[in-house]
Every structure is written in C-alpha cells, then in structure tokens.
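Commentary on secondary and tertiary structure
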Amino acid sequence: MASDPPTQVVAGGWHFFSAQEAALVEAIVDRIIPADELSMGGKEAGCAVYIDSQLMGAYGASSRLYTQGPFLPGLPTQGYQGEANPAQRYRAGLAAIDAFLKQRDGKTFVELARAEQDAFLTAMEAGKVDLPNGVKGPAFFGLLLQNTMEGFFADPVYGGNKDMVSWRMLGFPGARYDYRDHVSKHNQPYPQPPVSIIGRPEWLGKGA
Amino acid sequence: MKKLVFTLVIGALALAIAPAWSADQADQIIRGQYQAVLGDCAGCHTQAGGKPLAGGLPLETPFGALVPPNITPDGETGIGNWSEADFRNMMKSGIGHNGVRLYPAMPYPAYTRMNDSDIADLWAYLTSVEPVSNKVEANQLPFPLNIRLAMLGWNALNFTEASFQPDSSKSAEWNRGAYIVQGSGHCGTCHTPKSFLGADKDSEFLQGASLQGWFAPDITNNAQSGLGKWSEEDLVKYLKTGVNAHSIASGPMAEAIENSTSKMTDPDLKAVAVYLKSLGSDAGNTQPAKPDETRMATGEAVYRDNCSACHGGDGAGAGVLFPSLAGNSIVAQGSSETLARLVLAGSQAVHTADAPTTPAMPSLAWRLKDQEIADVLTYVRASWGNAAAAVSSDDVAAVRKGLTQ
C-alpha cells in the first residue's frame, strides 16, 4: 500500500545486480562521489545498495509511469523517452561498459586505475565512447549520476546516505517539520542533529 | 444536530398521530430521550451505523464477551413484551423480564440510584422508538459464568438496591451533579477501580481504572492524577466538545462524549463539574523518583524528533488542536496504558457540534521501538512540572501486544 511506512533497506546481498554488476556500480558511484575531506565516498555511503533496491521496486519496472508507445525522440527537457525501463537500462548499460572496456583495454572498469576510470566516465558523459548494443553513453551516465545523487542525499531508510552523512555535511536537519522555536533566532546555527524517517542513533542512547 | 432532528421527528410524529400521544406523553418521551442521553444507552446498545438501540457490539469484559441486547420495543427480539414494572425493576435491581438476571456490564449498580420519574420517562421514550427485529445472543460468557443465577451470589456480595441520597449540606447544583455522576451517567462503570469480582471499589470512587486496553483516568479533584488543575469551565468544555486546553478525548471517552455528554444541557454539565471537583484528596500523593538521566536524554531526543512539532518544545501544545502535555491529566495517571496506546495507535478527536475539527495524532508504532516509547513517555511524565512514574519497555510491549491481537 502507498500508505505503508518504509522499511529500512539494509546492505548485504544484492537483489537486482549480479555480483559483477554490483562491483561495477560500486566502482562508478565511488568515482561520481569520491571519498574526500567532506565525506565518505558513494560506495561506503550505500549508493549502490540504494540503486539495487530501487531497481527491484516500482522505479526499476516503471510501474508508476505510462510506458506504452509510440516511442518518439523527445526534447532534452523531456528526459528519457525510450521503451526500456530503468532495470533494463542498467542491465544493458552495465554490460555495454564492460564489453567496451574489455575490447579496448582488455580490462573491466573495476580493474582500471582511478584516473583511467575518471577518463572513461568523462568520455562517456561527453558521448565520446561508442558503447555496443545501441547504449547511449550520455543518457546512461545521466541515469547513473541521477541515481547516485539520490542514494547519497535521500533518507537513509532507502539504503544510501549512510549515517546521514550527506545531511551532516550540509547541515540539513532531515525529517523534521516544525521550526517555530527557531524562526526568530537569526544568524544562529540550528542546534538539532539530522533525523531519518526511521530515527537517529540517540533514540536508543547509543550516542551520535 | 441529532438531537434537534430527533426532536423535530418526535414533534412531527406527535402531530401525525395526535390521538395516540397526548401532549403530556410527547413531553414525557422528550424528557425520556434526554434520560437516554444521560445514560448513554446508545453507547452500548447501538452499533455504529446500525439501527438505534437495536443491539450493540460485544463488550469484552475480563470475564468474557457480553453483547448489549436489542432494547427497541420489538415483541420478539426486543423489549416489546416487557411491562413498565419489568423495566423499572431491571434498572433498580438488575433483574429483568421473567426474572432474568443481568450482568453488571449493564450498569444497574449505578442506574439503581435513578429516581422513579426519570426511569418512567426513559421507559416512555424506549417504547416510542422504532421497533427493530434483531436477535441478539447477549450472554456469550464461558461456563460457569454463563449461568445467570450466579448473579444471585454476585448481587448478594456486591450490590444493594439504592436510591440517590441527596446531601442537604451541599448545593442543589452539587446534588444534581452527584445524581448524574452516580446514577444515569454511570461514570464509575469505567472510572472506578474494580475488585476481582468486577465490582466497584467504592473507597476508590472515580480514581481511575483500566478497561478494554485503555486507562480511564482519575476524575476526582486530585492535583496530581486527577482534575485538580482543571477549572469547572475546563471540565464543562471537555464534556461538551471533547477538547480543552489540557486534553483531547480519545477511546471510549470520545464515544461517551459524542453520544452523551456533548448532548447534555449546560447546567447539567456545570453540575457534574461542581460535583467532580469536590471529590478526592491529595493526602496520599507522593512524588515519584526522578528517572535516570540517560533515559531522560534518550527520551528527550525521541521527543524532539517525533512529538515536539505538534506538542511544542516546551510541551505546551497548541490551543485546542494539539493538547498540552504539561499538566495533562492522561500524562499524569499512575498507569501509562492510555499514553502508550496513543503513541502506538494514534488517535483522532471526536466530532462534536462545538468542535468539529477532529485533529488527529498519527500512529508511531512503525517508527518507535518499545524502549524508545518507554523512554519518551518517561521523559514526558517527568518534564514541565509533570511528576508521574517512569514507564518500562515491558509496559509498552504489553499494550502493543494488546493492539495486535
């Protein structure tokens, strides 16, 4: 039911991805959001776990979208207009990346050095690599980027944003909805820590 | 509105069949209809959406299920073949037509204090409602409790037929309030603690009791657990509308307000308030131990994230929309049963003519674990001047279990 509360998506075991696909997605999300002085990387934050879970659900199957033809080329502002749903696009896109790299470099993406991974993703985004089976590099990169950001910034209940890492980075207070006590306190930081839909560690006295 | 419609219908009927009912009889029926409001007959004998007084939903008592029977004047399945004397005798003694002994889920231990003219009016009203054919198997108790004769012994131990005894040292208003509370209003049926035999403990009259998964709070004037912090006006407003600055009615009380107290006259509500505010004493009150600081810190974190948006960072609530938790009498009860239930299951205010908004509290059962609920309730019960005992996760678990059964 739409009104059912969300349940925590937990890492450990892949539901949509094969082990090989999962390793590839984890490597990609870790280049889109690399670990740095601001935060952990996309892999540790659970972005691939988030995407895996989404692809198993309504998003992956486009079950809440109109998906019948005709399939005509859309304007850039109209987003993806093709026949495939996200689950099919991931399956085809990930296979195309590894097939392309094996032919070009004799290695999979995971086996490349970080600088080589970045160079490949940059070229793919710019439409400068010719992926097999009709996969369009810029469009698939756009999908990966979009879903990685979702995983990193969405509520941790959906599998990403581990320990509310992105919210702590930004100072976003999370699932709160009343600030009456703070509206008039200008130029003062908001004192409450972020909270997820399913809570925060302090609820069980575990400390922040 | 219901009352108005009813009055109009009765009026129209009286005109249409004028030969059958004299003006005096019509007046008596209307007075009797008000007695049915005071006694909240519909609360038990009418199912939601069902025909008026044609039988209710099962009452789950600690001894088993009892189904409130059809009390419309249908000859086969209702009380159409009862005489007025049968009815009066039942109200006074719990012994109905053909000597059938009623179980005290029918609050005859309270109705026994009603005076004869009020009972006669009520009878006139009951004989005037639409007869409905609806067979109700009232007694669904397990053996041997299903033997009605057992009530002979129960009555010998626990019941004496009585009349209301006015106290001449008190005002007429106080006496009117006492008459309603002790008699037709049967407040003690829920709010007075019961002995193991299910009889009222008269020494603890209206001091709060657990029933059907709720805790009916202390409604004496006790400053700690009762209505000591409520003014008479607060009490009248609550009974009339279901809402005041201290509380929003929930559970069985919400039903009682909808069916009964919201339809009482203002002078009667004032009388009830005057009487209730005269009961109880603070002599036995003790200050519970302060909860430990870790639990308070955890409880505060849960409170900030789940409760403060409506109930305020300082527990002050927001007018009649979100009840104040500071000085809230449900918060202050010895038992946390109702509190835990509200957090687990949520609640919605009752719709009354004067307070039609029915603000709601969501269920948090999916979001909070038993320990988290125990901690936040412990925090709320020990903050902002509240001083009620800590709540354990076992307490919460028991309520959660009751809700999922």
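Being a predicted model, the structure only gives us computed values, none of them experimental. All residue numbers refer to position in the chain's written sequence, counted from 1. Labels are handed out in written order, letters beginning with A for the chains and numbers beginning with 1 for the ligands. Selection of residues for local features in this predicted model requires a pLDDT of at least 70, selection of side-chain atom pairs for listing and counting requires 80 or more, and totals for whole chains, interfaces and linings are taken over all residues. Think of the side-chain values as coming from all heavy atoms in the structure, minus any hydrogens and water.

For chain A, the helix and strand inventory stands at 7 helices and 0 strands. Secondary structure elements are defined from DSSP: runs of H or I of at least 4 residues count as helices, runs of E of at least 2 residues count as strands, and each element is numbered from the N terminus. Order of helices (α) and strands (β) in chain A, N terminus to C terminus: α-α-α-α-α-α-α. Principal-axis analysis of the C-alpha atoms gives chain A an extent of 60 × 40 × 35 Å. Between two residues, a contact is recorded if the distance between any of their heavy atoms is within 4.5 Å. If you take every contact in chain A between residues at least 6 apart in sequence, the share linking residues at least 24 apart comes to 58%.

Let's shift gears to the environment of Thr72(B). Residue and element names in this part refer to chain B. Here Thr 72 is to be found in the loop between strand 2 (64-66) and helix 4 (84-93). Spatially, the C-alpha atoms of Thr 72 and Pro 131 are 5.0 Å apart, while their sequence positions differ by 59 residues. The contact partners of Thr 72, leaving out residues within four places of it in the chain, are Pro 52, Leu 53, Ala 54, Gly 78, Ile 79, Gly 80, Val 129, Glu 130, Pro 131 and Val 132. Here the side chain of Thr 72 touches Asn 70 through a polar contact of 2.8 Å, side chain to side chain. Here a polar contact is taken to be a pair of N or O atoms separated by no more than 3.5 Å, where protein atoms must pair a possible hydrogen donor with a possible acceptor and residues adjacent in sequence count only if both atoms sit in side chains. There is a polar contact of 3.0 Å between the side chain of Thr 72 and the backbone nitrogen of Val 132.

Below, the discussion takes up unusual backbone geometry. Residues and elements named next belong to chain A. Going from Gly 69 to Pro 70, the amide bond is cis rather than trans, its omega being 0°. You can see Pro 70 is positioned in the loop between helix 3 (58-61) and helix 4 (86-105). One non-glycine residue, Ser 62, adopts positive backbone phi at about 50°. Categorising residues by exposure relies on relative accessible area from a 1.4 Å probe, with only protein chains included: less than 20% of the type maximum marks a residue as buried, more than 50% marks it as exposed, and the intermediate range marks it as partly exposed. Given the relative accessible area of 9%, Ser 62 is considered buried. One non-glycine residue, Asn 133, adopts positive backbone phi at about 60°. Here Asn 133 lies in the loop between helix 5 (114-125) and helix 6 (137-153).

Right, let's talk about a nonpolar patch on the surface for a bit. All names here are of chain A. Grouping into patches uses exposed residues only, defined as over 30% relative accessible area, and leaves out salt-bridged ones; the cut-off is 9 Å for like charges and 5 Å for nonpolar side chains (Val, Leu, Ile, Met, Phe, Trp, Tyr). Accessible surface area values rest on a Shrake-Rupley calculation with a 1.4 Å probe, where residue burial reflects the displayed protein chains alone. Counted as salt bridges are all cases of a side-chain nitrogen of Lys or Arg within 4 Å of a carboxyl oxygen of Asp or Glu. Together, Leu 38, Met 149, Phe 153, Met 169, Leu 170 and Phe 172 line one region of the surface with nonpolar side chains, adding up to about 560 Å² of accessible area. Mapped by element, the contributors of at least two residues to the nonpolar patch are helix 6 and helix 7 (165-170). Tracing the sequence through the fold places Phe 172 in the segment after helix 7. A residue is classified by how much of its surface remains accessible, and Phe 172, at 39% relative accessible area, is partly exposed.

Moving on, we come to the interface of chain B and chain A. At the junction of the two partners, chain B supplies 18 residues and chain A supplies 19 residues. Note on terms: buried area is the combined drop in 1.4 Å-probe accessible area of two parts once they are placed together, counting the loss on both. A buried area of about 1400 Å², summed over both sides, lies between chain B and chain A, and 54% of it is on carbon and sulfur atoms. Its largest share of buried area at the contact with chain A, chain B owes to Asp305(B), Trp366(B) and Arg367(B), together 41% of the area lost on that side. Where chain B meets chain A, there are 2 salt bridges. In this structure, Arg176(A) and Asp305(B) form a salt bridge, with 2.8 Å as the shortest nitrogen-oxygen distance. The interface formed by chain B and chain A includes 7 residue pairs in polar contact (both at pLDDT 80 or more).

Here we take up the domain arrangement of chain B. Accessible area lost when the parts come together is the quantity often used to give the size of an interface. Residues and elements named next belong to chain B. Where each domain begins and ends follows an automated or database-derived domain assignment. Once the domains are mapped, chain B shows domain 1 (2-158), domain 2 (172-276) and domain 3 (293-404). Taking only C-alpha atoms, the centre of domain 1 and the centre of domain 2 are 22 Å apart. Note on domain 1 versus domain 2: buried area summed over both sides is about 1900 Å², and carbon and sulfur give 56% of it. Among the residues domain 1 hides against domain 2, the three largest losses belong to Tyr 34, Val 37 and Leu 38. Together they make up 27% of the total. Taken together, the links from domain 1 to domain 2 amount to 0 salt bridges. Run the count over domain 1 and domain 2 and you get 5 residue pairs in polar contact (both at pLDDT 80 or more). If you list the elements that add at least two residues to the side of domain 1 that touches domain 2, you get helix 1 (2-16), helix 2 (23-39), strand 1 (59-61), helix 5 (108-111) and helix 7 (150-158).

A few words now on the nonpolar core. Side chains of a nonpolar character, in soluble globular proteins, are inclined to be buried together. We define the nonpolar core as a collection of buried residues of types Ala, Val, Leu, Ile, Met, Phe, Trp, Tyr and Cys that are connected through side-chain atoms lying within 4.5 Å of one another. Ranked by internal contacts, the top residues of the largest apolar core, which has 60 residues, are Phe87(B), Met91(B), Leu122(B), Tyr125(B), Leu126(B) and Leu276(B). Two domains each provide a minimum of three residues to this core, namely domain 1 (2-158) and domain 2 (172-276) of chain B. Residues Val29(A), Ala45(A), Ala48(A) and Ala96(A) belong to the second largest nonpolar core, which totals 39 residues.

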